[in-house]
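Close look at the chain arrangement
Read off the chains here:
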Amino acid sequence: MTTLCGRVLITGASSGIGQALALEYLKSGWQVIACGRDKARLDAMLSAHPRYASQLSCLTFNVCDRLACLETASALDGELDLVILNAGSCEYIDNPRAFDGKLFARVIETNLVSVGFCLEAFLPLVAAKGRVALMGSSAALLPLPRAEAYGASKAALAYLASTLRLHLAQTGVGVSLIEPGFVRTPLTDKNDFPMPGRIEVEDAARRIVSALSNGKDRIQFPRRLLWPMRLLALLPDALWGLIAKGSLSRQSA
């Protein structure tokens with residue numbers, strides 16, 4: 001379990017879930033290290049919340065740059081009670097016959113390879129009873145049309161979280177996997193399909209903070225979306241394939 005008020009580092013904190021998490025932890029009295037590529041957005045967050053100036057520090061670097069991650073970590077003083085590796089992106093494969101290998105590599109690098117760089121850099125700084133949280137997705141629960149790149153990256157993160165948890169068990173460091181459904185963020189605002197059960201980003205942040213404070217290893221929400229997805233995942237592949245193809249046809253109509 002994380003401490004009541006500690007020190008948390010959050011990647012992808014310049015917008016969306018990452019920014020909402022940073023603000024939620026600041027309200028709770030934590031020291032927050034907000035990381036992102038967009039210095040202007042991080043500065044804007046600091047300017048918009050001057051009362052948290054003594055609690056909030058902002059670091060600008062690209063999580064896909066291994067050396068930048070290592071240099072950032074080497075400049076930090078003291079231990080971290082919690083690291084939330086939230087940075088990520090989402091792009092879809094629209095034409096599987098003309099598979100976009102560059103798009104695939106880009107998503108895998110941003111959502112998966114960068115996590116490896118951040119683990120190398122920041123895991124040694126995590127306190128003995130601290131915790132690392134990886135931002136997965138409910139998309140990893142079952143195969144979805146157009147999600148070849150995004151779904152593959154999040155499925156790999158789920159496996160990474162499970163194996164890392166086993167490997168770190170004797171060190172006292174916990175590992176959480178966060179698997180939200182649809183959350184209203186600038187990323188999901190770009191989606192061109194129905195998003196059942198989509199929740200507000202502030203709601204998502206509160207749920208995540210509460211679950212992490214209780215030492216939850218797997219954080220899934222909202223239930224009204226997750227339970228149907230779990231049930232669909234139990235269907236035979238052929239039946240789910242027919243349902244998914246029908247959904248894709250309706251989107252294309």
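Up top is the structure.
Just so you know, these numbers come straight off a predicted model, no measurement behind them. (Residues numbered from 1 in each chain as written. Predicted model: local features only at pLDDT ≥ 70, side-chain atom pairs only at ≥ 80, totals over all residues. Heavy atoms only, no water.)

Describing the overall build of the chain
The helix and strand inventory of the chain stands at 8 helices and 9 strands. Across the 253 residues that make up the chain, the buried fraction comes to 47%. Here the analysis covers contacts within the chain between residues at least 6 apart in sequence; of these, 71% occur between residues at least 24 apart. With an accessible surface of roughly 12800 Å², the chain has 57% of that area assigned to carbon and sulfur atoms. (Helix = DSSP H or I, 4+ residues; strand = E, 2+ residues; numbered from the N terminus. Buried < 20%, exposed > 50% of the residue type's maximum accessible area, 1.4 Å probe, protein only. Contact = heavy atoms within 4.5 Å. Areas by Shrake-Rupley, 256 points an atom, 1.4 Å probe, with all protein chains shown as cover.)

Quick word on the side chain of glutamine 55
Among the secondary structure elements, glutamine 55 is positioned in the loop between helix H2 (39–48) and strand E3 (56–60). For glutamine 55, a relative accessible area of 16% corresponds to the buried category. Sequence-distant contacts of glutamine 55, defined by excluding residues within four places in its chain, comprise Leu26, Gly29, Trp30, Gln31 and Val32.

As for the pairing of strand E6 (residues 174–180)
Of all the 7 residues making up E6, 7 are buried; the element is thus mostly covered by neighbouring parts of the structure. Along E6, one buried face is formed by Gly174, Ser176, Ile178 and Pro180 and the opposite face, lined by Val175, Leu177 and Glu179, is buried too. Inspection of the sheet shows strand E5 (residues 126–135) paired to E6 by 5 bridges, in the parallel sense. Residue pairing for E6: alanine 133 is matched across the bridge by serine 176. Alignment of E6 against strand E9 (residues 218–221), held across 4 bridges, turns out to be parallel. Bridging from a neighbouring strand, isoleucine 178 pairs with isoleucine 219 of E9. (Pairing = 2+ DSSP bridges.)

Some remarks on the nonpolar core
Formed by 33 residues in total, the largest nonpolar core has its most connected members in Ile10, Leu21, Tyr25, Val32 and Ile84. Among the secondary structure elements, those contributing two or more residues to this core are strand E1 (7–10), helix H1 (16–27), strand E2 (31–36), H2, strand E4 (80–85), E5, helix H6 (201–213) and E9. Residues contacting tyrosine 25, with those up to four places away along its chain left out, are Val8, Ile10, Trp30, Val32, Leu82, Ile84, Val209 and Leu212. With 32 residues, the next largest nonpolar core counts Cys64, Val126, Leu134 and Leu164 among its residues. (Core = buried A, V, L, I, M, F, W, Y, C linked by side-chain atoms within 4.5 Å.)

A word on the packing of helix H4 (residues 101–122) against helix H5 (residues 148–168)
Axis separation between H4 and H5 bottoms out at 8 Å; the angle between their running directions is 20°. Taken together, the axes of H4 and H5 lie roughly parallel to each other. At the point where H4 passes H5, the crossing takes the right-handed sense. Of the residues in H5, those touching H4 at Leu103, Phe104, Val107, Ile108, Asn111, Leu112, Val115 and Leu119 are Glu148, Ala149, Tyr150, Ala152, Ser153, Lys154, Ala156, Leu157, Leu160 and Leu164. Taken together, the residues of the contact of H4 with H5 sort by class into 14 nonpolar, 2 polar and 2 charged. (Axes fitted to C-alpha atoms, helices over the stretch in contact; angles between N-to-C directions. Parallel < 35°, antiparallel > 145°, perpendicular 65-115°, else oblique. Left-handed = near helix turned anticlockwise from the far one by under 90°. Nonpolar A, V, L, I, M, F, W, Y, C, P; charged D, E, K, R; others polar.)

A short note on H6
Residues spaced three or four apart along an α-helix face the same direction, because each turn holds 3.6 residues. Here H6 spans 18 Å end to end across 13 residues, near enough to the 18 Å set by a 1.5 Å rise per residue. After H6 finishes, the residue glycine 215 shows a positive phi value of roughly 70°. (Expected span 1.5 Å × (residues − 1).)

Examining the environment of valine 63
In this fold, valine 63 is placed in the loop between E3 and helix H3 (66–74). Given the relative accessible area of 10%, valine 63 is considered buried. For the pair formed by valine 63 and valine 115, sequence separation is 52 residues and the distance between their alpha carbons is 7.6 Å. Once you skip the residues sitting within four places of it in the chain, valine 63 turns out to touch Thr11, Cys69, Ala87, Ser114, Phe117 and Cys118.

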